[in-house]
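Residue-level structure breakdown
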Amino acid sequence: MIKTPKQLVAVLVLSFVVPIVVIVLLANLATSGSTYDKDSPAMSPEEVAKRIKPVADANVSAQGAGARALRTGEQIYGSVCAACHATGVAKAPKFGDRRDWGPRIREGQKALVQVALKGEGAMPARGGASDLSDLEVERAVVYMANAGGAKFKEPAVVAPAAPAAMDHGAHMTAASAPGAGAAAGKADGKKVYESTCITCHGAGVANAPKFGDKKAWAEHLMHGTEHLYENALKGKGAMPPKGGNLTLSDADVKAAVDYMVKAVK
């Protein structure tokens, strides 16, 4: 009970001070969980790097995986090997013909792969597709041999080494280099020739006019370039449409024809 003026003053002061103190304490308690000490060991560069490493690794792996996807044996056969093996021209063992493949299968998987890698007879190294990896060549060999009665095993994929990081400045320079975009979209006749046409035209097999041989090309040039385009696109004689590489665009095929014609003019 309040009996004196002093007691009344004390009660009034406490009625103001105590609630303020309680509010301040509660405010500090509520905000303490959302703050952090930037000097804490948990915020050191090493600890932060550890926490974001799984995300960073996943991002780098995803980018690396999309950079160069390995093709299957069937895909390589369709784009490269079919030019000769589909019909058996130039003594190439015909796809699916057990009599053609039998003697070769008996030589073994390793021996056949070495022949495909190094070339033999009219067949150039890697079937003329120099961009194929050893693994892709072996996949194509296994695909064709198994279609001819073999039971070869699909080669195991070896994990590639981590690529070196590209300097940001170098990346920007390459991306902004004059003509970089135009070169990427322009058909490259030489590249198409070396990856597809060289299989037959390189040695002049199956009546294909040999690259650089003016006499062999003279008869074909008499009909004009448009006629050559049509033959290359639709196929003629032992040559299948687009040289057996159906992944080529019409522009790619015409560029290859122009490249070969230019070599004899």
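Residues numbered from 1 in each chain as written. Predicted model: local features only at pLDDT ≥ 70, side-chain atom pairs only at ≥ 80, totals over all residues. Heavy atoms only, no water.

Considerations on the packing of helix 9 (residues 189-201) against helix 12 (residues 250-262)
Across the interface, helix 9 lies against helix 12 with an axial gap of 9 Å and an inter-helix angle of 75°. Accordingly, the angle class assigned to the pair helix 9 and helix 12 is roughly perpendicular. Residues Gly 189, Lys 190, Val 192, Tyr 193, Cys 197 and His 201 of helix 9 pack against Asp 252, Ala 255, Ala 256, Tyr 259 and Met 260 of helix 12. Class assignment of the residues belonging to the contact of helix 9 with helix 12 gives a composition of seven nonpolar, two polar and two charged. (Axes fitted to C-alpha atoms, helices over the stretch in contact; angles between N-to-C directions. Helix = DSSP H or I, 4+ residues; strand = E, 2+ residues; numbered from the N terminus. Parallel < 35°, antiparallel > 145°, perpendicular 65-115°, else oblique. Contact = heavy atoms within 4.5 Å. Nonpolar A, V, L, I, M, F, W, Y, C, P; charged D, E, K, R; others polar.)

Some words on the environment of Cys 81
Checked against the element boundaries, Cys 81 lands in helix 3 (residues 73-85). Spatially, the C-alpha atom of Cys 81 lies 7.7 Å from that of Gly 244, the residues being 163 residues apart in sequence. Other than its neighbours up to four places away in sequence, Cys 81 contacts Ile 76, Ala 86, Ala 140 and Met 144.

As for the nonpolar core
Nonpolar side chains in soluble globular proteins generally cluster together in the buried interior. Judged by nonpolar contacts, the single largest core of 21 residues is most densely connected at Cys 81 and Phe 152. Put simply, the parts of the chain that give this core at least two residues each are helix 3, helix 4 (98-107), helix 5 (109-118) and helix 6 (134-147). In terms of residue count, the dominant contributor to this core is helix 6 (six residues). Core analysis: the next-biggest nonpolar cluster, separate from the first, contains 14 residues, Leu 228, Ala 232, Ala 256 and Met 260 among them. (Core = buried A, V, L, I, M, F, W, Y, C linked by side-chain atoms within 4.5 Å. Buried < 20%, exposed > 50% of the residue type's maximum accessible area, 1.4 Å probe, protein only.)

Remarks on the side chain of Asn 231
Mapped onto the secondary structure, Asn 231 falls in helix 11 (residues 225-234). A relative accessible area of 15% places Asn 231 in the buried class.

Focus: unusual backbone geometry
Residues other than glycine predominantly adopt negative phi, and peptide bonds predominantly adopt the trans conformation. The phi torsion at Arg 126 lies on the positive side, around 60°, for a residue other than glycine. Taking the relative accessible area as the measure of exposure, Arg 126 reaches 23% and is therefore partly exposed.

Quick notes on the side chain of His 201
If you trace the backbone, His 201 turns up in helix 9. The residues contacting His 201, other than those within four sequence positions of it, are Tyr 193, Ala 208, Pro 209, Lys 210, Phe 211, Trp 217, Met 239 and Met 260.

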